[in-house]
Amino acid sequence: MDRDPEYRGEAGFDTACPLFRNLAPGELSRLSAIARTRHAAEHQYLCRQNSPHDRVFNMIAGVAAVERLSSSGRRQILAFVFAGDFIGLSNSTVFEYAVRSLTPATWHEFPQRTLFNLAEELPGLKKNIKELQSLVLALTFDQLYLLGQKKAHEKICSFLMQLLDRLPGASPERIDLPMTRLDIADYLGLTSETIIRTLARLKAAGTLSMPSPQSVCIHDLEEVRALGSVH
């Protein structure tokens with residue numbers, strides 16, 4: 001059921017996150033004064049496509065999908081969002097995508113304009129925002145390359161390497177997938193049937209196994225890394 005998330009007060013920041021890195025206690029205090037901590041169950045929306053772009057999100061826990069619908073209703077998943085990731089660091093007036101939680105999620109929420117105004121007063125914060133924007137651009141180029149140049153089995157291996165790098169608790173011995181086959185297909189530009197066939201091929205080759213429909217074990221990490229490379 002799609003319900004609006006509820007405010008649950010304010011919380012401290014993880015200073016290892018890029019937005020907060022190298023900020024003084026007083027600067028963090030000023031950020032805390034404009035932040036809210038929000039919570040959602042799975043399959044709730046943090047924001048909707050074409051809604052006013054007035055917030056910036058910092059995921060604390062959980063996994064979400066950044067989705068865009070075409071005028072014909074076809075869905076593309078642009079990104080998966082994990083703990084530590086940021087959404088909305090742009091000057092757009094509307095969200096050109098929706099963000100939907102795939103698991104129970106917790107995040108910090110900042111008023112967009114207030115955050116950017118504060119960054120003009122705090123050089124360290126402004127620098128962190130620019131670095132995050134550059135990172136998002138680099139990840140976008142990687143995704144475009146993945147969609148345009150890779151074969152199905154290479155796309156899946158690249159996706160598994162992304163999960164190993166970014167999904168908390170993931171290891172070659174076990175990756176618990178918080179997303180469905182359809183979610184993965186819509187992210188990689190494939191069909192669900194192609195995802196199933198390609199996973200079966202990788203299993204038959206001994207590259208990986210699937211102890212359950214939502215978990216993957218990688219047996220040949222070097223092969224997965226080589227196939228999944230975007231460089």
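As shown above, the structure is provided for reference.
In this text, all values refer to a predicted model and were calculated from it rather than measured experimentally.

**Student:** How should helix 7 (residues 221–228) be read in this particular structure?
**Tutor:** Think of an α-helix as 3.6 residues a turn; residues three or four steps apart then line up on the same face. Among the residues making up helix 7, those that are buried are Val224, Leu227 and Gly228. Across the axial projection of helix 7, the buried residues extend over an arc of 90°, all falling on one side. Exposed residues pointing more than 90 degrees away from the buried face of helix 7 are listed as Glu222 and Ala226.

**Student:** What is the right way to read the sheet that holds strand 6 (residues 75–81) from this model?
**Tutor:** As a general point, the strands of a sheet are linked pairwise by backbone hydrogen bonds and lie either parallel or antiparallel. Reading across from one edge, 3-8-5-6 is the order of the four strands in this open sheet, with antiparallel pairing throughout. The two strands at the open ends of the sheet, each matched to only one other strand, are strand 3 (45–47) and strand 6. Between one strand and the next, the sheet's axes are offset by a mean angle of 30°, whatever the strand orientation. Direction of pairing for strand 5 (residues 64–69) relative to strand 8 (residues 98–101): antiparallel, over a ladder of four bridges. When the bridges of strand 8 are listed, Ala65 appears paired with Arg100. The strands touched by helix 5 (residues 181–188) within the sheet are strand 6 and strand 8, with strand 6 carrying the most contacts at an inclination of about 100°.

**Student:** Where do I start with helix 6 (residues 192–204) in this structure?
**Tutor:** Given a rise of 1.5 Å per residue, 13 residues ought to cover 18 Å, and the 18 Å separating the end C-alpha atoms of helix 6 matches this to within 8%. Among the residues of helix 6, those classed as buried are Thr194, Ile195, Thr198, Leu199 and Leu202. The buried residues of helix 6 occupy an angular sector of 130° when the element is viewed end-on, so they sit on one face. Turned more than 90 degrees away from the buried face of helix 6 sit Ile196, Arg197, Arg201 and Ala204, all of them exposed. Where helix 6 is buried, its residues meet helix 4 (152–166), helix 5 and strand 11 (208–212). Positive backbone phi, approximately 80°, marks Gly206, located one or two places after helix 6.

**Student:** When you look at the nonpolar core in this model, what are you seeing that I'm missing?
**Tutor:** One recurring pattern in soluble globular proteins is that nonpolar side chains are buried together. With 32 residues, the main nonpolar core has Phe80 and Ile175 as its most contacted residues. Elements with a minimum of two residues in this core: strand 6, helix 4, helix 5, helix 6, strand 11, strand 12 (215–218) and helix 7. Of the residues forming this core, the biggest block, seven residues, is contributed by helix 4. Excluding anything up to four places from it in sequence, Phe80 contacts Ala64, Ala65, Asp85, Leu102, Phe159, Arg166, Met179, Asp183 and Tyr187. Counting residues in hydrophobic clusters, the runner-up holds 21 residues, among them Phe20, Leu23, Phe86 and Leu89.

**Student:** Any chance you could explain the layout of surface pockets here in plain terms?
**Tutor:** Empty pockets left among the atoms are what a rolling probe the size of a water molecule brings to light. Taken as a whole, the largest pocket spans an internal volume of roughly 1500 Å³. As for the largest pocket, its lining consists of 46 residues, and the residues nearest its centre are Ala79, Leu135, Val136, Leu139 and Thr140. Contributions of two or more residues to the lining of the largest pocket are made by strand 5, strand 6, strand 7 (86–87), helix 3 (123–149), helix 4 and helix 7. Ranked by residue count, the leading element in the lining of the largest pocket is helix 3, at eleven residues. In terms of residue class, the lining of the largest pocket is made up of 25 nonpolar, 14 polar and seven charged.

**Student:** How should I be thinking about the packing of helix 5 against helix 6 in this particular structure?
**Tutor:** In a packed pair of helices, the relevant descriptors are the angle between the two axes and the axis-to-axis distance. Two elements in contact, helix 5 and helix 6, have axes whose closest approach is 8 Å; the angle formed by their N-to-C orientations is 100°. When the axes of helix 5 and helix 6 are compared, the pair comes out roughly perpendicular. On the side of helix 5, the interface is formed by Arg181, Leu182, Ile184, Ala185 and Leu188, while helix 6 contributes Ser192, Ile195 and Leu199. For the contact of helix 5 with helix 6, the per-class residue count stands at six nonpolar, one polar and one charged.

**Student:** Sorry, what's going on with the pattern of salt bridges here?
**Tutor:** A side chain with one charge may pair with a side chain of the opposite charge, provided their charged atoms come close. According to the stated counting rule, one finds 14 salt bridges in the structure shown. Across the salt bridge formed by Arg75 and Asp186, the nearest N and O atoms sit 2.8 Å from each other. You can see Arg75 sitting in strand 6 and its partner Asp186 sitting in helix 5, a full 111 residues away along the chain. Exposure class is identical for Arg75 and Asp186. Each is buried. Here the salt bridges do not stand alone but share partners, grouping Glu67, Arg75, Arg100, Asp183 and Asp186 into one network.

**Student:** Explain the sheet that holds strand 11 here, please?
**Tutor:** Spatially, three strands are ordered 10-12-11 in an open sheet, and the strand pairing comes out antiparallel. Two strands lie at the open edges of the sheet, namely strand 10 (175–176) and strand 11, each paired on one side alone. Relative to strand 12, strand 11 is paired through three bridges, and the arrangement is antiparallel. Pairing of Ser209 across the sheet is with Cys217, part of strand 12.

Analysis parameters
Within any chain, residue numbers begin from 1 and follow the written order of that chain's sequence. In keeping with the predicted nature of the model, local features appear solely for residues at pLDDT of at least 70, side-chain atom pairs appear and are counted solely at 80 or more, and the whole-chain, interface and lining totals rest on all residues. The side-chain figures draw on all heavy atoms in the structure; neither hydrogens nor water molecules are used. For each residue, the accessible area found with a 1.4 Å probe, counting protein chains only, is set against the maximum for its type, and the residue is called buried under 20%, exposed over 50%, and partly exposed in between. Only DSSP runs of H or I reaching four residues or more are called helices, and only runs of E reaching two or more are called strands; each is numbered from the N terminus. The directions considered for the arc are those from the helix axis to the C-beta atoms. Two strands pair under a simple rule: DSSP has to find at least two bridges between them. Each axis is a line fitted through C-alpha atoms, taken for helices only over the stretch in contact, and angles between the N-to-C directions span 0 to 180 degrees. Two residues qualify as a contact provided that any one of their heavy atoms is within 4.5 Å of a heavy atom in the partner residue. Multiplying one less than the number of residues by 1.5 Å gives the expected span of a helix. In these notes, a set of buried Ala, Val, Leu, Ile, Met, Phe, Trp, Tyr and Cys residues joined through side-chain atoms within 4.5 Å is what counts as a nonpolar core. Cavities and pockets are defined on a 1 Å grid built over the protein atoms alone: a cavity is a set of grid points where a 1.4 Å probe fits but cannot escape, while a pocket is an open set with protein on both sides within 12 Å along at least five of seven lines, and lining residues are those with an atom within 4 Å of any such point. Grid points are joined across faces, edges and corners, and a volume is the space filled by probe spheres set on the points. Polar here means any residue other than Ala, Val, Leu, Ile, Met, Phe, Trp, Tyr, Cys and Pro, which are nonpolar, and Asp, Glu, Lys and Arg, which are charged; Gly is therefore polar. What sets the label is the angle itself: under 35 degrees gives roughly parallel, over 145 gives roughly antiparallel, 65 to 115 gives roughly perpendicular, and the rest give oblique. By convention in these notes, a salt bridge is any Lys or Arg side-chain nitrogen within 4 Å of a carboxyl oxygen on Asp or Glu.

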